[in-house]
Amino acid sequence: QVQLVESGGDLVQPGGSLRLSCAASGFTPENYAIGWFRQAPGMEREGGACISATHGTTEYADSVQGRFPISRDNGKNTAYLEMSGLRGEETGIYFCAAHGFGSTGFCPLNPSLMTDYWGQGTQVTVSS
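We now turn to the structure provided with this report.

Cut-off values and rules
Residues numbered from 1 in each chain as written. Predicted model: local features only at pLDDT ≥ 70, side-chain atom pairs only at ≥ 80, totals over all residues. Heavy atoms only, no water. Helix = DSSP H or I, 4+ residues; strand = E, 2+ residues; numbered from the N terminus. Buried < 20%, exposed > 50% of the residue type's maximum accessible area, 1.4 Å probe, protein only. Pairing = 2+ DSSP bridges. Phe/Tyr/Trp six-rings, centres within 6.5 Å; stacked < 30°, edge-to-face > 60°. Core = buried A, V, L, I, M, F, W, Y, C linked by side-chain atoms within 4.5 Å. 1 Å grid on protein atoms, 1.4 Å probe; cavity = no way out; pocket = protein on both sides within 12 Å on 5 of 7 lines; lining within 4 Å. Points joined across faces, edges and corners; volume = space filled by probe spheres on them. Nonpolar A, V, L, I, M, F, W, Y, C, P; charged D, E, K, R; others polar.

**Observations regarding unusual backbone geometry**
Peptide bonds are trans in most cases, and residues, glycine excluded, mostly fall at negative phi. Despite not being glycine, T54 shows a phi value in the positive range, around 65 degrees. Structurally, T54 is set in the loop between β5 (46-51) and β6 (58-60). For T54, a relative accessible area of 56% corresponds to the exposed category.

Following this line, the structure appears as structure tokens:
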């Protein structure tokens, strides 16, 4: 069974940091672009960061550029999102997704283009 499982979400104070993990099984993640997406309460899902297959090129939403680096460790079948300087409006459910764009390097922040695999999400709450 193909699975993506997110972990690392927690309650943190504004300005705090978290490291999210996305563990893959049942497929070869090195051939897939991996993205992180947030769904805030009452809002649509939005893309924050994406890392491509093969070359590991990255794309970021303007709001998280420089604060939320995405990385991947193909040997561990895991992708990561390092979050720092967290803001209250960044509260939400964080999902990872994978899509087999291959060596094209394409890595979208549009969640509708990530049609292969999705995790169930991990809750991040930023509050004092």
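**Re the pairing of strand β11 (residues 122-126)**
Of the two faces of β11, the one holding T122, V124 and V126 is buried and the one holding Q123 and T125 is not buried anywhere. The sheet contact formed by strand β2 (residues 11-12) and β11 spans two bridges and is parallel. Residue L11 lies in a different strand from β11, and its bridge partner there is T125. Where strand β9 (residues 92-99) meets β11, three bridges bridge the pair, whose relative direction is antiparallel. The partner of Y94 across the bridge, within β11, is T122.

**Considerations on the packing of aromatic side chains**
Going through the model one piece at a time under the given rule, you end up with six aromatic pairs. Measuring from centroid to centroid gives 4.8 Å for F27 and Y117, while their planes differ by 40 degrees, and the two rings are tilted. You can see F27 sitting in the loop between β3 (18-25) and β4 (33-39) and its partner Y117 sitting in strand β10 (residues 117-118), a full 90 residues away along the chain. A residue is classified by how much of its surface remains accessible, and Y117, at 24% relative accessible area, is partly exposed. Of the aromatic side chains, those joined through ring pairs into one cluster are F27, Y32 and Y117.

**A closer look at the nonpolar core**
W36, L81, M83 and Y94 are the most contacted members of the largest nonpolar core, which totals 26 residues. Every element with two or more residues in this core is listed here: β3, β4, β5, β8 (78-83), β9 and β11. The element that contributes the greatest number of residues to this core is β3, accounting for four residues. Counting residues in each nonpolar core, the second largest holds seven residues, with A33, F37, F101 and C107 among its members.

**A closer look at empty space enclosed by the protein**
Counted by the stated rule, this structure contains one cavity of 30 Å³ or more. Computed from the structure, the largest cavity encloses a volume of approximately 50 Å³. Lining the largest cavity, in full, are L4, C22, A24, P29, I34, R72, N74, N77, T78 and A79. Those elements that place two or more of their residues in the lining of the largest cavity are β3 and β8. Counted by class, the lining of the largest cavity contains six nonpolar, three polar and one charged residues.

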